[in-house]
Amino acid sequence: MTDQPIMSKRAPKPVGPYPHAKRVGNLLFLSGVGPRKPDSTEIPGVTLDGDGNIASYDIEAQCRSCFDNVLVVIEDSGAKVSDIADIQIFLTNIKDDFQTMNKVFAEYFAGPPESGKPNPTRTTVEVTALPATICVEAKVIVQISPR
């Protein structure tokens, strides 16, 4: 079985030496996807203090941007969003942000089969920090339908 690294022209550039996704057989593994805007270092909803630390943030704006980036990488990989099998969500403040993330997640991913949404399995964990000044990141696995 060979693997195929994939880079999306519409997603933010990775912050390290890795592809946006890698296809292995009929599985697509996305690298961690954050909310950064494409072709920019801008992170939606984040205000930094004079030392470059997060002074305030809007988790809903970050989740929407993060999930938009996930959709772009999947589409640019030639896969369908409806084939998402599993999503892992990393939050830096689960106590304050879980409810909002969960609401936005449902808009993007949860629903009955007729909705066209994948309704994947999900794990959400709190982490001490994420790269740059982001407060949410997603790790996604897609099972690609045979063509």
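Overview of the structure. Quick caveat, the model's predicted, so the values are computed rather than measured.

**Observations concerning the sheet that holds strand β1 (residues 3-6)**
Strand order in the open sheet made by the 6 strands is β1-β2-β3-β8-β6-β7, with mixed pairing throughout. Where the open sheet ends on each side, the last strands, each with one partner, are β1 and β7 (121-126). Sheet twist, expressed as the average angle between the axes of neighbouring strands with direction ignored, equals 15°. As judged from the 4 bridges shared by β1 and strand β2 (residues 21-24), these two strands associate in the antiparallel manner. Bridge pairing in β2 links Asp 3 to Val 24. Sitting on the sheet, helix α1 (residues 59-76) is in contact with β1, β2, β3 (27-30), β6 (84-91) and β8 (136-143), with an inclination near 30° to β8. Where helix α2 (residues 94-109) meets the sheet, it contacts β6 and β7, and its direction lies at approximately 155° from that of β7.

**Focus: unusual backbone geometry**
The backbone of Asn 119 shows a phi angle near 50°, a positive value even though the residue is not glycine. Looking at the element boundaries, Asn 119 is found in the loop between α2 and β7. Overall, the relative accessible area of 47% leaves Asn 119 in the partly exposed class. Located in the positive-phi region is Ala 132, a residue other than glycine, with phi close to 60°. By the secondary structure assignment, Ala 132 is in the loop between β7 and β8. Among the residues examined, Ala 132 registers a relative accessible area of 61% and is labelled exposed.

**Things to note about the layout of surface pockets**
Volume-wise, the largest pocket comes out at about 280 Å³. Lining the largest pocket are 20 residues; nearest its centre among them are Tyr 18, Gly 32, Val 33, Gly 34 and Arg 36. Broken down by class, the residue content of the lining of the largest pocket amounts to 12 nonpolar, 5 polar and 3 charged.

**Some details on the packing of α1 against α2**
Two quantities define a packed helix pair, namely the angle between the axes and the distance from one axis to the other. Contact geometry for α1 and α2: axes closest at 9 Å, N-to-C directions at 35°. Taken as a pair, α1 and α2 cross one another with a handedness that is right-handed. Residues Ile 59, Glu 60, Cys 63, Arg 64, Phe 67, Asp 68, Val 70 and Leu 71 of α1 form the contact with α2, whose participating residues are Asp 97, Thr 100, Met 101, Lys 103, Val 104, Phe 105, Glu 107, Tyr 108 and Phe 109. Its residues assigned to classes, the contact of α1 with α2 shows 10 nonpolar, 1 polar and 6 charged.

**Some words on the environment of Thr 92**
As for its position among the elements, Thr 92 is in the loop between β6 and α2. The sequence separation of Thr 92 and Glu 126 amounts to 34 residues, and the corresponding C-alpha distance is 5.4 Å. Excluding residues within four positions of it along the chain, Thr 92 makes contact with Glu 126, Val 127, Thr 128, Ala 129, Leu 130, Ile 134 and Cys 135.

Reading the values: rules and limits
Residues numbered from 1 in each chain as written. Predicted model: local features only at pLDDT ≥ 70, side-chain atom pairs only at ≥ 80, totals over all residues. Heavy atoms only, no water. Pairing = 2+ DSSP bridges. Helix = DSSP H or I, 4+ residues; strand = E, 2+ residues; numbered from the N terminus. Axes fitted to C-alpha atoms, helices over the stretch in contact; angles between N-to-C directions. Contact = heavy atoms within 4.5 Å. Buried < 20%, exposed > 50% of the residue type's maximum accessible area, 1.4 Å probe, protein only. 1 Å grid on protein atoms, 1.4 Å probe; cavity = no way out; pocket = protein on both sides within 12 Å on 5 of 7 lines; lining within 4 Å. Points joined across faces, edges and corners; volume = space filled by probe spheres on them. Nonpolar A, V, L, I, M, F, W, Y, C, P; charged D, E, K, R; others polar. Left-handed = near helix turned anticlockwise from the far one by under 90°.

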